[in-house]
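Remarks on the overall topology
Listed below are the residues making up each chain.
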Amino acid sequence: QVQLVQSGAEVKKPGASVKVSCKASGYTFTNYDINWVRQATGQGLEWMGWMNPISGNTNYAQKFQGRVTMTRNTSVSTAYMELSSLRSEDTAIYYCARGGSPASAFDFWGQGALVTVSS
Amino acid sequence: DIQMTQSPSSLSASVGDRVTITCRASQTISTYLNWYQQKPGKAPKLLIYAASSLQGGVPSRFTGSGSGTDFTLTISSLQPEDFATYYCQQSFMTRFTFGGGTKVEIK
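Thresholds applied
Residues numbered from 1 in each chain as written. Chains lettered and ligands numbered in written order. Predicted model: local features only at pLDDT ≥ 70, side-chain atom pairs only at ≥ 80, totals over all residues. Heavy atoms only, no water. Buried < 20%, exposed > 50% of the residue type's maximum accessible area, 1.4 Å probe, protein only. Helix = DSSP H or I, 4+ residues; strand = E, 2+ residues; numbered from the N terminus. Pairing = 2+ DSSP bridges. 1 Å grid on protein atoms, 1.4 Å probe; cavity = no way out; pocket = protein on both sides within 12 Å on 5 of 7 lines; lining within 4 Å. Points joined across faces, edges and corners; volume = space filled by probe spheres on them. Nonpolar A, V, L, I, M, F, W, Y, C, P; charged D, E, K, R; others polar. Contact = heavy atoms within 4.5 Å. Polar contact = N/O pair within 3.5 Å; in protein donor to acceptor, adjacent residues only side chain to side chain. Core = buried A, V, L, I, M, F, W, Y, C linked by side-chain atoms within 4.5 Å. Disulfide = S-S within 2.5 Å.

1. Things to note about the pairing of strand β5 (residues 46–51) of chain A
Side-chain direction in a regular strand flips from residue to residue, so the side chains alternate between the two faces of the sheet. Residue and element names in this part refer to chain A. Buried residues dominate β5, accounting for 5 of its 6 residues. Bridge count between strand β4 (residues 33–39) and β5: 5 bridges; the pairing is antiparallel. Each residue of the ladder has a partner; that of Trp-36, found in β5, is Gly-49. Turn length for the β4-β5 hairpin, with the two strands adjacent in sequence and antiparallel, is 6 residues, and the turn residue Gly-42 shows positive phi of about 75 degrees. Here 3 bridges tie β5 to strand β6 (residues 58–60), and the two strands are oriented antiparallel to one another.

Below you can see the structure in the form of structure tokens.
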């Protein structure tokens, strides 16, 4: 069965970086895009960007341009999202989600990784 | 970026009620519209893709409709497990965006 398993919770200081992993199983990793979505406590869903695992091509939301980097290691079917220059407003749950056809819908999601930014 | 506006932001309903949630895009998106359900403490779950196609395993009481800029998610007979927050998402532009969500609460 398709699974996306994310790394654990992180606590970071303002100005630091965080790297969240998302390990895929149950399907061919290179056949589907990986998206990253975050959700602050009590807030809605915010799309951060996607990555094509074959080419490594990425497309980031304007808001995160220059601060986010999405990469992958196809040998271990794992995608990564690194966010730098963290501030308190980045405290949120970060989800990875499989996307692609049809309609680029996100059909499988990771369990989420809580990132807390606090001094 | 395309802005997605959902209404209402919350609603109260009873088991058995028919519930309708609307989503409006700031520009035409054809039928590149997806709906998700999220329960507290859980990841979102895909319900409807391409405006009206039911994701596998999703009960048939959920239906989606619309095209262009205006879309609707309807729950024909609300069940206890349907109390959750619902989000629309456009996938017309590859910078995807979500609506603000609609929380469906028990009356």
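2. A few points about the layout of surface pockets
Empty space within the largest pocket amounts to approximately 460 Å³. Elements with a contribution of two residues or more to the lining of the largest pocket: β9 (92–99) of chain A together with β9 (85–90) and β11 (102–106) of chain B. Ranked by the residues each element gives to the lining of the largest pocket, the list is headed by β11(B), at 4 residues. A per-class count over the lining of the largest pocket returns 10 nonpolar, 12 polar and 4 charged. Each pocket or cavity is described by its volume, and for the second largest pocket that value is around 380 Å³. Lining the second largest pocket are 19 residues, with A:Leu45, A:Glu46, A:Trp47, A:Lys63 and B:Thr97 sitting closest to its centre. Listing elements by their share of the lining of the second largest pocket, those giving two or more residues are β4 and β5 of chain A together with β10 (97–98) of chain B. Per-class residue counts for the lining of the second largest pocket are 9 nonpolar, 5 polar and 5 charged.

3. Quick word on the environment of A:Ser7
Residues and elements named next belong to chain A. Tracing the backbone shows Ser-7 in the loop between β1 (3–6) and β2 (10–12). Placed 31 residues apart in sequence, Ser-7 and Arg-38 show a C-alpha to C-alpha distance of 14 Å. Excluding residues that lie within four positions of it along the chain, Ser-7 makes contacts with Lys-19, Val-20, Ser-21, Gln-111, Gly-112 and Ala-113. At a separation of 3.0 Å, a polar atom in the side chain of Ser-7 contacts the main-chain amide nitrogen of Ser-21.

4. What about the nonpolar core?
Formed by 42 residues in total, the largest nonpolar core has its most connected members in A:Trp36, A:Met48, A:Met81, A:Leu83, A:Phe106 and B:Phe98. Sorting the residues of this core by element identifies β3 (18–25), β4, β5, β7 (68–73), β8 (78–83), β9 and β11 (113–117) of chain A together with β5 (45–49) of chain B as the ones contributing at least two each. The biggest single contributor to this core is β9(A), with 5 residues. Those residues in contact with A:Met48, other than ones at most four positions away along the chain, are A:Trp36, A:Val37, A:Arg38, A:Tyr60, A:Ala61, A:Phe64, A:Val68, A:Met70, A:Met81, A:Leu83 and A:Tyr94. Counting 25 residues, the second largest nonpolar core, distinct from the first, contains B:Leu11, B:Phe71, B:Leu78 and B:Val104.

5. Focus: the state of the cysteines
All names here are of chain A. One pass over the structure, following the stated rule, counts 2 disulfides over all chains. Across the disulfide, Cys-22 is cross-linked to Cys-96 (sulfur-sulfur distance 2.0 Å). Residues Cys-22 and Cys-96 are joined through a disulfide that is right-handed, its torsion about the S-S bond being 75 degrees. A residue pair is termed long-range when its members are at least 10 positions apart, and Cys-22 in strand β3 and Cys-96 in strand β9 qualify at 74 residues.

6. Topic: the side chain of B:Ser91
Mapped onto the elements, B:Ser91 comes out in the loop between β9 and β10. A distance of 3.4 Å separates the side chain of B:Ser91 from the side chain of B:Asn34, its partner in a polar contact.

7. Some remarks on the side chain of A:Asn59
Structurally, the position occupied by A:Asn59 is in strand β6. Since its relative accessible area comes to 14%, A:Asn59 is described here as buried. Within polar-contact distance, the side chain of A:Asn59 engages the side chain of B:Thr94 at 3.0 Å. A polar contact of 3.4 Å, which involves the side chain of A:Asn59, links it to the side chain of B:Arg95. Sequence-distant contacts of A:Asn59, defined by excluding residues within four places in its chain, comprise A:Trp47, A:Gly49, A:Trp50, B:Thr94 and B:Arg95.

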